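Tertiary structure, described
So the chains spell out like this:
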Amino acid sequence: MFEGTPEQFWSSLQRLRDLPDDTTIYCAHEYTESNARFAMSVEPGNPDLVRRTEEIMAKRSRGEPTVPSLMGEEKLTNPFLRGDVSPEIRQNVGASDGEDGASIFRKIRLGKDNFRG
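We now turn to the structure provided with this report. (Residues numbered from 1 in each chain as written. Predicted model: local features only at pLDDT ≥ 70, side-chain atom pairs only at ≥ 80, totals over all residues. Heavy atoms only, no water.)

Digging into the overall build of the protein
Stated precisely, the cut-off is as follows: Secondary structure elements are taken from DSSP: a helix is a run of H or I of four residues or more, a strand is a run of E of two residues or more, and numbering for both begins at the N terminus. In this description the radius of gyration comes from C-alpha coordinates, and the expected globular size is given by 2.2 Å times residues to the power 0.38. Note on classification: 1.4 Å probe, protein chains only; a residue is buried when its accessible area is under 20% of the maximum for its type, exposed when over 50%, partly exposed between these limits.
Scanning the protein for helices and strands turns up 7 helices and 2 strands. Listing the helices and strands of the protein from first to last along the sequence gives α-β-α-α-β-α-α-α-α. By the compact-globule yardstick of 13 Å for 117 residues, the protein fits well, its C-alpha radius of gyration being 14 Å. Counting only C-alpha atoms, the protein reaches 40 × 25 × 25 Å along its principal axes. Residues classed as buried in the protein amount to 34% of the 117 residues present.

Observations regarding the environment of Ala 39
Convention followed: Contacts are assigned to residue pairs that have any heavy atoms within 4.5 Å of one another.
Along the chain, Ala 39 falls in helix H2 (residues 32–42). Discounting chain neighbours no more than four positions away, the residues touching Ala 39 are Leu 49, Thr 77 and Pro 79.

Concerning the pattern of salt bridges
Quick reminder of the rule: For salt bridges, the criterion is a side-chain nitrogen of Lys or Arg within 4 Å of an Asp or Glu carboxyl oxygen.
Here the structure, examined in full by the defined rule, presents 11 salt bridges. Between Asp 84 and Arg 17 there is a salt bridge, and its shortest N-O distance comes to 2.7 Å. Here Arg 17 lies in helix H1 (residues 6–17) and Asp 84 lies in the loop between helix H5 (79–82) and helix H6 (87–93), a separation of 67 residues in the sequence. Here Glu 64 makes a salt bridge to Arg 62, at a shortest N to O gap of 3.0 Å. Residue classification places Glu 64 among the partly exposed positions, given a relative accessible area of 30%. A single salt-bridge network, built from bridges that share partners, covers Arg 52, Glu 73 and Glu 74.

Describing the layout of surface pockets
The condition that has to hold: Definitions used throughout: a 1 Å grid over protein atoms alone; a cavity as a set of points that fits a 1.4 Å probe which cannot get out; a pocket as an open set with protein on both sides within 12 Å along at least five of seven lines; a lining residue as one with an atom within 4 Å of a point. Grid points are joined across faces, edges and corners, and a volume is the space filled by probe spheres set on the points. Each residue is assigned to one of three groups, with Ala, Val, Leu, Ile, Met, Phe, Trp, Tyr, Cys and Pro labelled nonpolar, Asp, Glu, Lys and Arg labelled charged, and all others, Gly among them, labelled polar.
Here the largest pocket defines a volume of roughly 1000 Å³. Taken together, 31 residues make up the lining of the largest pocket; nearest its centre are Cys 27, Asn 35, Glu 74, Asn 78 and Phe 80. Only H1, H2, helix H3 (47–61), helix H4 (71–77), H5 and helix H7 (101–113) provide two or more residues apiece to the lining of the largest pocket. Of the residues forming the lining of the largest pocket, the biggest block, 5 residues, is contributed by H2. Of the residues contributing to the lining of the largest pocket, the split by class is 21 nonpolar, 6 polar and 4 charged.

Written out as structure tokens, the structure reads:
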């Protein structure tokens, strides 16, 4: 996070998560491969994430882009959208069951900032 608080980021992510599943998501950079590696480090038991990571790695190995994506796919595989619904993510980032979404988001963000995978 360069600007803003975890609460502000979490509020924005909740609004994005409310978008319909068929909403096309365009990100500004091709970070999907590194993001997938991080996501696998915090939620390796998510079969949707495993499948998506395999697809991402195959596309990147062929030099193909992985963006855009659909919001439904992001809801199933993006740890920043899943911290409050995934016990596996909470456990792997050291969040307790009683922590709010913003606090869990902060821990996920710190994990990503320090990830070297």
